[in-house]
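Remarks on the overall topology
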Amino acid sequence: MKNLFTGLLCCFSAVAFAQTKGVVSVVKDPMIDSLIAKRIELSLKPGSAPAEVSTGKPGTTIVSQMGYRVQIFYGSDRREVFNEQSKFNNSFPELNTYITYKQPNYYLRVGDFRTRLEAQRLMNELRPLFPTLFIFREKINAPNLNYSND
């Protein structure tokens, strides 16, 4: 009888101390809702590309995408990198050059190629002029596609 009484007492006390369902209240700045709505509105606009970056010139944009560049030189001497850049620009003025600095070296990369095959073709052409050539996949400025209706 004592065990039964103790068991019932435990069950009733557990029910008495059980938690009731509560209400969660969210405290936030009302500007968050307006920013989310603005973001949704911008993403739903037709013809908008999130990768477009303005160049500052009216009517021109640079579209960034993943592509390939050929690294033609790297070294720790800044003057040497700029000399190699001018040497390349004299030979190939139509291709863009990019100098980046990652401590302790400067890297000179050229071109904005959509496919690895295009980069490989340039690399084969540059092999006699530049001894160390590598192809890197990175974000490029997409070249303008000029189609003619011929």
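Bear in mind that the values here come from a model prediction, so they are computed numbers and not experimental data. (Residues numbered from 1 in each chain as written. Predicted model: local features only at pLDDT ≥ 70, side-chain atom pairs only at ≥ 80, totals over all residues. Heavy atoms only, no water.)

**Describing the confidence of the model for the chain**
Detailed conclusions should not be drawn from predicted coordinates in areas where pLDDT is low. Across the chain, pLDDT averages 80, with 75% of residues at or above 70. Across residues 48-59 the pLDDT falls below 50, and counting only partners more than four positions away or on other chains, this stretch makes 13 contacts in the model. (pLDDT = per-residue confidence, 0-100. Contact = heavy atoms within 4.5 Å.)

**A closer look at the packing of aromatic side chains**
Applying the stated criterion to the full structure yields four aromatic pairs. With 6.1 Å between their ring centres and 25° between their planes, Tyr74 and Tyr107 make a pair best called stacked. Placement of the pair is Tyr74 in strand S2 (residues 61-75) and Tyr107 in strand S4 (residues 105-113), with a sequence separation of 33 residues. Members of the aromatic cluster, each reached through a chain of ring pairs, are Phe88, Phe92 and Phe130. Its guanidinium or amino end placed over the ring of Phe130, Lys87 lies 4.9 Å from that ring's centre, counting from NZ or CZ. The ring of Tyr107 has Arg109 lying over it, and the distance from NZ or CZ to the ring centre is 5.7 Å. (Phe/Tyr/Trp six-rings, centres within 6.5 Å; stacked < 30°, edge-to-face > 60°. Helix = DSSP H or I, 4+ residues; strand = E, 2+ residues; numbered from the N terminus. Lys NZ or Arg CZ within 6 Å of the ring centre and 35° of its normal.)

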